[in-house]
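Fold and geometry: a report
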Amino acid sequence: MDKIFWQLSFVLTFGVWAFAVYHRSKYFLHMIQLEGYKNNNFKKWINEFNYKTFSNKQKYTFFSIVIITVIYIISSIIVKTDILLSIFMLIWISGIIYSIEFKKEKAKKELVFTKRAKRLFISNFVVIIIEILIANIILIMLLYDKYYTYPLVLFLLSTIYYFEPYNMILANILVAPIEKKINKYYYDKAYDKVRTFKDLKIVGITGSFGKTSTKFITSTILQEKYKVLKTPESYNTPMGISKVINNDLTNEYEVFVVEMGARNIGDIKEVARLANPKIGVLTAIGPTHLETFKNVENIMKTKYELIEELPPEGIAIFNYDNKYIRKLADKTFKEKILYGMEDIEKLDIYATDLEVSEFGSSFILNDREGNSIKCKTKLLGKHNIQNLLAGAAVARALGLTLDEIARGIEKVEPVPHRLQLINPGTGVIVIDDAFNSNPVGAKAALDVINQFKNRRKIIVTPGMVELGEQEAEANKEFGKNIANVCDYVILIGQNRTKPIFDGLREMNYSKDNIFVVNTLNEATIKLQELVKPGDVVLFENDLPDTYNE
């Protein structure tokens, strides 16, 4: 009977613990995946969102287990009974079950069990098994008494469960050499493959913002003459670009347009060496990802790596309206094309006679030789005309005529979640700018919504992130700008949006027209209460799942 009791106890306690630790591990696997499998980013997330990492429920459970373990051990010194041990186990099991966070908010980007995620998940359990083995060996060596050893084992399991996010970090360190070898294999394979296409015209595009839109625009225009492959969505890292080259790039394509992203100095150099572009485009530079770059000078240095990696016969294309890029353009001795809307006497490609409305824009496209053509576009906002000029500059470099460029510009569709106008047929106009997260883009979005005259304007936003020390001030300024344009404001996340709230109040914006909610779902409910036919709703910025409050 005693043996059966212990076997059942072992199965029950270990079964409950295994289920709980699996559930908790899966959550942190999701978070570290969203953080790009980078331990530093994941650690930062743990610190910033400690209340999600160690929820009150889990804290109360863990510290309760600490207390009852101490009480039990002291009691057992006085009297050892199976009843006391059974009560301890029942409390322990109840606590572990109570601590499991079954309800999670629906994620905007779900966990994907890629091969890498599976390797990390397995590695996580390897770390846990090693920890259990080491601790058990120590316990058995020190003392073996079921009235002490088993409760201490349960306490150990609780500790491993509670500190699971740190196991994930250890697991990531454990698999790092394997991942490095795998990444290098695919990088080298892509590096060799792309160089076998001797006649392929490769265009690299980078910038703090505007690069994804410019990639889509450039590809659409170039399709007037060439068969074009572009990197999809936001594939802009070495592994993302390697995957496209290895899986999709074939002899049928004449042009390959590559978006290049960066969070650290040296990132653009790495992807430029991989893709080997002959044409490089700098779209815009501004204060983004300042948490890693620290200052704009480092961003300029990093983005310029694309130009430095161009071959001697390469062509550098610059947005000369951007004050940071202008400095880079002026120091460049390679062949270059300057585009913009200011200082047109210095520009090779420029726009004049802009007419920007709530449903699109038109402008005259000019080149330095004096040629010009009228262009129409469905894209919203003046800054999108700059992106169109970048595409036109690439097209000119690749030999397209102005007629071909104008036809291509007219075919350009709005990029999803980037000032995308949606008319759901309810009389309400929705502008989805959810993928924007920088001060310049946010200001441009407000300029666009301001063009909708005689309509109530509602903005839904969680604010901007990853702006480092400038984040609070930028969001406060954002709030001031909102106050000049919008009739109602729905802020998502009380803590994160406080600077926006302060900015609104500094402009004497009515508190009655500001609604602060905790989640996008709550924002949607509030919006449904407010919105009427004829209104314009701007969804500005969207935070990663790791940033939800």
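If you're wondering where the values come from, they're calculated on a predicted model, not measured in any experiment.

**Quick notes on the sheet that holds strand β4 (residues 279-282)**
The sheet built from nine strands is open, its strands ordered β2-β3-β1-β4-β5-β6-β7-β8-β9 with mixed pairing. For this open sheet the edge positions go to β2 (228-230) and β9 (372-377), each flanked by a neighbour on one side alone. Within this sheet the neighbouring strands show an average axis-to-axis angle of 20°, counted without direction. Bridge analysis of strand β8 (residues 360-367) against β9 gives six bridges, and the strand direction is antiparallel. Following the sheet pairing, Phe-363 is matched in β9 by Cys-375. Contacts between helix α15 (residues 382-397) and the sheet are confined to β1 (201-206), β4, β5 (315-319), β6 (335-340), β7 (349-357), β8 and β9, with β7 contributing the most and set at about 145° to the helix.

**Details of the packing of helix α8 (residues 164-194) against helix α10 (residues 238-247)**
In contact at an axis separation of 9 Å, α8 and α10 are set at 50° when each is read in the N-to-C sense. Relative to α10, α8 is oriented oblique. Every pair of crossing elements has a handedness; the one defined by α8 and α10 is left-handed. Mapping the contact onto sequence places Asn-183, Tyr-186, Tyr-187, Lys-189, Ala-190, Lys-193 and Val-194 in α8 and Pro-238, Met-239, Ser-242, Ile-245 and Asn-246 in α10. Class assignment for the residues of the contact of α8 with α10 results in seven nonpolar, three polar and two charged.

**A short note on the environment of Arg-505**
By the element assignment, Arg-505 lies in helix α19 (residues 498-506). Owing to a relative accessible area of 34%, Arg-505 belongs among the partly exposed residues under this scheme. In this structure the C-alpha to C-alpha distance between Arg-505 and Asn-172, which are 333 residues apart in sequence, comes to 45 Å. What Arg-505 contacts, discounting residues up to four positions off in sequence, is Ser-510, Lys-511 and Ile-514.

**As for the pattern of salt bridges**
Enumeration over the complete set of coordinates arrives at 19 salt bridges. The residue Lys-184 makes a salt bridge to Asp-188 at a minimum N-O spacing of 2.7 Å. Residue Lys-184 and its partner Asp-188 are located together in helix α8, separated by four residues, close to a single helical turn. Asp-188 sits in the partly exposed class, given a relative accessible area of 30%. Each of Glu-48, Glu-471 and Arg-496 takes part in one network of salt bridges that share partners.

**Thoughts on the packing of helix α9 (residues 211-222) against α15**
When two helices pack together, their arrangement is given by the angle between their axes and by how far apart the axes lie. Packing of α9 against α15 brings their axes to within 8 Å, and their N-to-C directions diverge by 45°. The angle between the axes of α9 and α15 places the two elements in the oblique class. Between α9 and α15 lies a crossing whose hand is right-handed. Residues Ser-213, Thr-214, Ile-217, Thr-218, Ile-221 and Leu-222 of α9 pack against Asn-384, Asn-387, Leu-388, Ala-390, Gly-391, Ala-392, Val-394 and Ala-395 of α15. Tallied by class, residues from the contact of α9 with α15 come to eight nonpolar, six polar and no charged.

**What about the packing of aromatic side chains?**
Applying the stated criterion to the full structure yields 24 aromatic pairs. Consider the rings of Phe-62 and Phe-163, whose centres lie 5.9 Å apart with planes at 80°: the pair is edge-to-face. Residue Phe-62 is found in helix α4 (residues 56-78), and its partner Phe-163 is found in the loop between α7 (146-162) and α8; the two are separated by 101 residues along the sequence. By relative accessible area, Phe-62 is classed as buried at 9%. With a centroid separation of 5.0 Å and an interplanar angle of 75°, the aromatic rings of Tyr-185 and Tyr-186 are classed as edge-to-face. Grouping aromatic residues by their ring pairs yields a cluster made of Phe-54, Phe-62, Phe-63, Phe-155, Tyr-162, Phe-163 and Tyr-166. Here the guanidinium or amino end of Lys-57 rests over the ring plane of Tyr-98, the centre of that ring lying 5.5 Å away.

**Here's the deal with the side chain of Glu-164**
Looking at where Glu-164 falls in the secondary structure, it is placed in helix α8. With sequence-adjacent residues up to four places away left out, Glu-164 is seen in contact with Val-21, Arg-24, Ser-25, Phe-28, Asn-124 and Ile-128.

**Quick look at unusual backbone geometry**
With a phi angle near 60°, Tyr-37 is a residue other than glycine that sits in the positive phi range. Mapped onto the elements of the fold, Tyr-37 is located in the loop between α1 (2-34) and α2 (39-48). What makes Tyr-37 buried here is its relative accessible area of 14%. Phi is positive for Asp-343, close to 45°, though the residue is something other than glycine.

**Some details on a nonpolar patch on the surface**
Together, Ile-122, Val-126, Ile-130, Ile-134, Ile-138, Leu-142 and Leu-174 give the surface a local cluster of nonpolar side chains, amounting to about 660 Å² of exposed area. Of all the elements, helix α6 (residues 115-142) adds the most residues to the nonpolar patch, at six residues. By the secondary structure assignment, Ile-138 is in helix α6. Among the residues examined, Ile-138 registers a relative accessible area of 45% and is labelled partly exposed.

**What to know about the side chain of Arg-24**
As for its placement among the helices and strands, Arg-24 is situated in helix α1. Among buried Asp, Glu, Lys and Arg side chains, Arg-24 stands out as unpaired, with Glu-164 the closest opposite charge at 6.6 Å. A distance of 2.7 Å separates a polar atom in the side chain of Arg-24 from the backbone oxygen of Tyr-162. Excluding its chain neighbours within four sequence positions, the residues that come into contact with Arg-24 are Thr-53, Phe-54, Gln-58, Tyr-161, Tyr-162, Glu-164 and Pro-165.

**Considering the sheet that holds strand β10 (residues 420-422)**
In any sheet, the strands associate via hydrogen bonds between backbone groups, in a parallel or an antiparallel arrangement. Ordered in space as β10-β11-β15-β12-β13-β14, the six strands form an open sheet in which the pairing is mixed. Edge positions in the open sheet fall to β10 and β14 (514-517), since each of these has one partner strand only. Looking at each pair of strands side by side, their axes are set apart by 15° on average, direction ignored. Here strand β12 (residues 457-461) runs beside strand β13 (residues 488-492); their pairing, made up of four bridges, is parallel. Within β13, the residue paired with Val-460 across the bridge is Ile-490. Running over the sheet, helix α17 (residues 439-450) touches β11 (429-433), β12 and β15 (536-540) and is turned about 175° from β15.

Thresholds applied
- Residues numbered from 1 in each chain as written.
- Predicted model: local features only at pLDDT ≥ 70, side-chain atom pairs only at ≥ 80, totals over all residues.
- Heavy atoms only, no water.
- Pairing = 2+ DSSP bridges.
- Helix = DSSP H or I, 4+ residues; strand = E, 2+ residues; numbered from the N terminus.
- Axes fitted to C-alpha atoms, helices over the stretch in contact; angles between N-to-C directions.
- Contact = heavy atoms within 4.5 Å.
- Parallel < 35°, antiparallel > 145°, perpendicular 65-115°, else oblique.
- Left-handed = near helix turned anticlockwise from the far one by under 90°.
- Nonpolar A, V, L, I, M, F, W, Y, C, P; charged D, E, K, R; others polar.
- Buried < 20%, exposed > 50% of the residue type's maximum accessible area, 1.4 Å probe, protein only.
- Salt bridge = Lys/Arg side-chain N within 4 Å of Asp/Glu carboxyl O.
- Phe/Tyr/Trp six-rings, centres within 6.5 Å; stacked < 30°, edge-to-face > 60°.
- Lys NZ or Arg CZ within 6 Å of the ring centre and 35° of its normal.
- Patch = residues over 30% accessible without salt bridge, like charges linked within 9 Å, V, L, I, M, F, W, Y side chains within 5 Å.
- Areas by Shrake-Rupley, 256 points an atom, 1.4 Å probe, with all protein chains shown as cover.
- Lys, Arg positive; Asp, Glu negative; His and termini not counted.
- Polar contact = N/O pair within 3.5 Å; in protein donor to acceptor, adjacent residues only side chain to side chain.

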